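Below are the chains, spelled out letter by letter.
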Amino acid sequence: MSGRYVKSSCMDSGQPGWGDMLDDMAKKSLAPGGLLTMELELSHSCDLRCIYCYAESGRALDNELGLDELCRVVDQARALGARKIIVLGGGEPLNSPHLLPLLDHLHGLGVEMELFTNGIRLDRAMAELLAELGVSVVVKMNSLREEVQDLLAGKEGAFRAIRAGFNHLLAAGYPGPGLKLGAQTVICRQNLAELPAMWRWLRSQGIIPYFESITLQGRARAHAELLLVEPEELHAVLEGLAELDAREYGIVWKAHPPVAAFNCDRHEYSCTVTATGGVLPCPGVDIEVGNIRQNPLGDILASSPVIRDLRNVRTRIKGACRDCDLAAECYGCRGMAYQATGDYLAADPICRRPAHAAAGRNGD
């Protein structure tokens, strides 16, 4: 559904953006192999064919997890300390017959729930049910222009269908007390000029903007020339959004990829479980470190050298990211580093912060 997994994030109304922002005490108390959040893909089935889709979703896979398996891995994540479960799809979660019983199971466990959806299957009844369960919802919104949204979604009529689903959420009380609503937007050449206007519109509606750079994987590789903005352009748009937020809304944040107004530190306390049971550090670092059909989730996390590296990413990261002035709060996009270089600890190749760029020229 998204340009990167990220697919990883959890909304936090106390923050300028929304993401896996958890208190330092919780992170420091995390046991080896423990979790604070987990991302869960349900199916590769999707009604759209987004030209930037990291998962190349479309048809369901033959060996996708059943409901019992999904509930079992959620129970294992909860036992490892997970507070939040982010339901992604891989494709579109609302296409999965397991979504509603899974949400009921999560609700019974008392964990926070977040749902990424393209919105086109959202009707009034589903929106009201999500509100009743207290599910935070993130809807695809790549443009306020119909022709651009349809182009990026790979399907004519996507804009109108997405907007209809979005309106059902508004009618059900989103955003409101206990009902967080976000809009997921990929930063690309087609929508670059309208991003400030989109940001203002979302802020004015109380909707949390989640604007992310595209990770070069899946369908994005085939459409790279059409989609990708230059690192300097990305830095300029992030700087512009930061200035807009500070000037018009009093919200202050530092501009850096991969997501506007958001520090991604998911690798220190999260993981992704795919629709077929594979365990990944995140959708961008798509190295399968184990499978929950073969071993318990906790054993996989505790024994994986890749997970160990990324749990200690701030001391093991390389190059300009290691020496950047924001190293204490940001370690760049590990997915972009891995997809571009084959090294998940390499410096983020799309970052153009001045101090970051200087470190890159002077370091390894």
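Residues numbered from 1 in each chain as written. Predicted model: local features only at pLDDT ≥ 70, side-chain atom pairs only at ≥ 80, totals over all residues. Heavy atoms only, no water.

### Overview of the overall build of the chain
Part 1 of the reasoning: If you tally the helices and strands in the chain, you get 16 helices and nine strands.
Part 2 of the reasoning: Among the 364 residues that make up the chain, the fraction classed as buried is 60%.
Part 3 of the reasoning: Contacts in the chain between residues at least 24 apart in sequence constitute 71% of all its contacts with a sequence separation of at least 6.
Part 4 of the reasoning: Carbon and sulfur atoms make up 50% of the accessible area of the chain, which amounts to about 13700 Å² in all. (Helix = DSSP H or I, 4+ residues; strand = E, 2+ residues; numbered from the N terminus. Buried < 20%, exposed > 50% of the residue type's maximum accessible area, 1.4 Å probe, protein only. Contact = heavy atoms within 4.5 Å. Areas by Shrake-Rupley, 256 points an atom, 1.4 Å probe, with all protein chains shown as cover.)

### Side note on the environment of Ile 287
Part 1 of the reasoning: You can see Ile 287 is positioned in the loop between β8 (278-280) and β9 (290-291).
Part 2 of the reasoning: Residue Ile 287 is classed as partly exposed on the basis of its relative accessible area, which comes to 21%.
Part 3 of the reasoning: Remark: the alpha-carbon pair of Ile 287 and Tyr 344, spanning 57 residues in sequence, is separated by 9.7 Å.
Part 4 of the reasoning: If sequence neighbours within four positions are ignored, Ile 287 has contacts with Val 279, Leu 280, Pro 281, Val 306, Tyr 338 and Tyr 344.

### Quick notes on the sheet that holds strand β6 (residues 208-213)
Part 1 of the reasoning: In space, the nine strands of this open sheet follow the order β6-β5-β4-β3-β2-β1-β7-β8-β9, with mixed pairing throughout. Across the chains shown, the open sheet's two edge strands, defined by having one partner strand only, are β6 and β9.
Part 2 of the reasoning: Sheet topology places strand β2 (residues 84-87) next to strand β3 (residues 112-117); four bridges connect them, and they run parallel. Paired with Lys 84 across the bridge in β3 is Glu 112. (Pairing = 2+ DSSP bridges.)

### Digging into helix α15 (residues 334-341)
Part 1 of the reasoning: Regarding α15, the residues found buried are Arg 334, Gly 335, Met 336, Ala 337 and Gln 339.
Part 2 of the reasoning: Residues of α15 that are buried make contact with α8 (219-222), α12 (305-311), α13 (313-316) and α14 (319-323).
Part 3 of the reasoning: Positive backbone phi, at 85°, marks Gly 342, one or two positions downstream of α15.

### Observations regarding the side chain of Thr 37
Part 1 of the reasoning: If you trace the backbone, Thr 37 turns up in strand β1 (residues 37-40).
Part 2 of the reasoning: Looking at Thr 37, the relative accessible area reads 0%, which means it is buried.
Part 3 of the reasoning: At 2.7 Å, the side chain of Thr 37 forms a polar contact with the side chain of Ser 270. (Polar contact = N/O pair within 3.5 Å; in protein donor to acceptor, adjacent residues only side chain to side chain.)

### Structural notes on unusual backbone geometry
Part 1 of the reasoning: Backbone torsion omega between Tyr 174 and Pro 175 reads -20°, so that peptide bond is classified as cis.
Part 2 of the reasoning: By the element assignment, Pro 175 lies in the loop between α6 (158-171) and β5 (181-187).
Part 3 of the reasoning: For the bond from Pro 257 to Pro 258, the omega torsion is 10°, close enough to zero to count as cis.
Part 4 of the reasoning: Tracing the chain through its elements places Pro 258 in the loop between α10 (231-249) and β7 (272-273).
Part 5 of the reasoning: One non-glycine residue, Glu 56, lies in positive phi territory at about 50°.
Part 6 of the reasoning: With respect to the secondary-structure elements, Glu 56 resides in the loop between β1 and α2 (67-79).
Part 7 of the reasoning: If you check the backbone angles, Ala 261 has positive phi at about 65° while not being a glycine.
Part 8 of the reasoning: By the secondary structure assignment, Ala 261 is in the loop between α10 and β7.
Part 9 of the reasoning: Under the relative-accessibility criterion, Ala 261 is labelled buried at 4%.

What is shown is where atoms sit, not what they do.
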